[in-house]
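Remarks on the overall topology
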Amino acid sequence: MRAGRRIDEADATGMLSLVDLLLAGTLIAVALLTLGVRDLFAAVVLFISNGLLLALAWARLGAPDVAMAEAAIGAGITGALVLAALRRLQTFGSRGDEMGSGGRQGEEGHDGPR
Amino acid sequence: MDLAEAGAARPGRAARIVLAVACGTVAAVVGWALASGGAGRGRLAADVRAALPRSGVEHPVTAVLLNFRAFDTMLELAVLLVVAIATGAVGGIAHSGARPEDLRPASPSPLMDSLVHDLVPFALLAGAYLLWVGAYAPGGAFQAGAVIAAAGVLAHFSPRFRPQVPDRWPTRAVLALGAGAFACAALVALAWTGVYLGYPPAQAGWWILAIEAAATLSVAAVLYVTFRAVMSADPSRRGTQ
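To start, this report covers the structure provided alongside it. Keep in mind that this is a model prediction, so the values were computed, not measured.

When helices and strands are tallied, chain A shows five helices and zero strands. Along its sequence from the N terminus, chain A presents helices and strands in the succession α-α-α-α-α. Taking all 114 residues of chain A together, 28% fall into the buried category. Considering only contacts within chain A whose residues lie at least 6 apart along the sequence, 38% involve residues at least 24 apart.

It is worth spelling out the nonpolar core at this point. Membership of the largest hydrophobic core comes to 75 residues, with the highest contact counts inside it found for Ile 77 of chain A together with Ala 146 of chain B. Listed by contribution, the elements that provide at least two residues to this core are α3 (40-60) and α4 (64-93) of chain A together with α4 (60-68), α5 (70-86), α8 (110-133), α9 (141-156), α10 (168-193) and α11 (204-231) of chain B. No other element matches the 17 residues that α11 of chain B contributes to this core. Sequence-distant contacts of Ile 77 of chain A, that is, excluding residues within four places in its chain, are made with Ala 72 of chain A together with Ala 146, Ala 149, Ala 150, Val 153, Leu 223 and Phe 227 of chain B.

Our next topic: the packing of α5 of chain B against α10 of chain B. All names here are of chain B. Closest axis-to-axis distance for the α5/α10 pair is 8 Å, and the angle between their directions is 150°. Accordingly, the angle class assigned to the pair α5 and α10 is roughly antiparallel. The two elements α5 and α10 meet at a crossing, and its hand is left-handed. Every residue of α10 that contacts α5 at Met 74, Leu 77, Ala 78, Leu 81 and Ala 84 is listed here: Leu 175, Ala 176, Gly 178, Ala 179, Phe 182, Ala 183 and Ala 186. Looking at the contact of α5 with α10 residue by residue, the class counts come to eleven nonpolar, one polar and no charged.

Parameters at a glance
- Residues numbered from 1 in each chain as written.
- Chains lettered and ligands numbered in written order.
- Predicted model: local features only at pLDDT ≥ 70, side-chain atom pairs only at ≥ 80, totals over all residues.
- Helix = DSSP H or I, 4+ residues; strand = E, 2+ residues; numbered from the N terminus.
- Buried ≥ 20, exposed ≤ 12 C-beta atoms within 10 Å, placed from the backbone.
- Contact = placed C-beta atoms within 7 Å.
- Core = buried A, V, L, I, M, F, W, Y, C linked by C-beta atoms within 7 Å.
- Axes fitted to C-alpha atoms, helices over the stretch in contact; angles between N-to-C directions.
- Parallel < 35°, antiparallel > 145°, perpendicular 65-115°, else oblique.
- Left-handed = near helix turned anticlockwise from the far one by under 90°.
- Nonpolar A, V, L, I, M, F, W, Y, C, P; charged D, E, K, R; others polar.

Read these as spatial facts, not as claims about activity.
Below is the structure:
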């Protein structure tokens, strides 16, 4: 909603570019994918990607303060929190069996390089 | 993943319809609010520009967050403090240091050690820079705190450099520092100038820097400690989440 309105304003000043349209379209597509995908880890990765795209959108809208906060908190810290929560869920879901430790180590392998 | 099915029960048809109506209503109201053009949008920007010289900083966003609307920012810090308490972080700190779960190497990789060793100092430096530059350009306490917390999260995955969270009181003090410094500044300003959170304009820049420094530490501590609380799978706290 808000992005659409701002893009209209940008259009009025002749600032709307193909990049902005692509960015807005990708944002909506990634948001839908995030909600629709069944694999929880993929959903988390898509959520983090969505946060980074949203940071780009804020930067394009001329709000670098919000863009930085979105990239650092929305994508970075929230992403780490959600990954940690997912790892915890998987530890509960398969407590005691082989998959618990395997899933956890895989999770941290994914966490690490981010 | 089977977790999605085994986890929370999927909402029924009626619940979905209620959710859809609620979401649609919110979207319609937000759209209407935007379409009707936020009242006084241009006037507020002009007011901020006019008052900027008396705010103590040169960046309008920081001026609004730390001076003109400082009360809102103080409440945000209080909310963060509540988050840290709600995640059980405050209660769990005392045990978290010595749990075998935590001492177990997270990912015994020399690559991770080297990455943390090289990257974390720069992340801390970037956080300090963001705090300082907030007076002149985009930046400020929340961004700086988030970057520092991200450095902590990164270091968490390296057994050699995992941050040590000290026992209860020092950590609790840092968690409460931001909201506390804000509240103290508000009361001191009240006694000094007679206005709640009304800093004396001549020294406002230093007041803001001091409050932001405290807020940065608190934001970083809250975010990292919350992450740590979610990350640690302590059986004794499983019922409390």
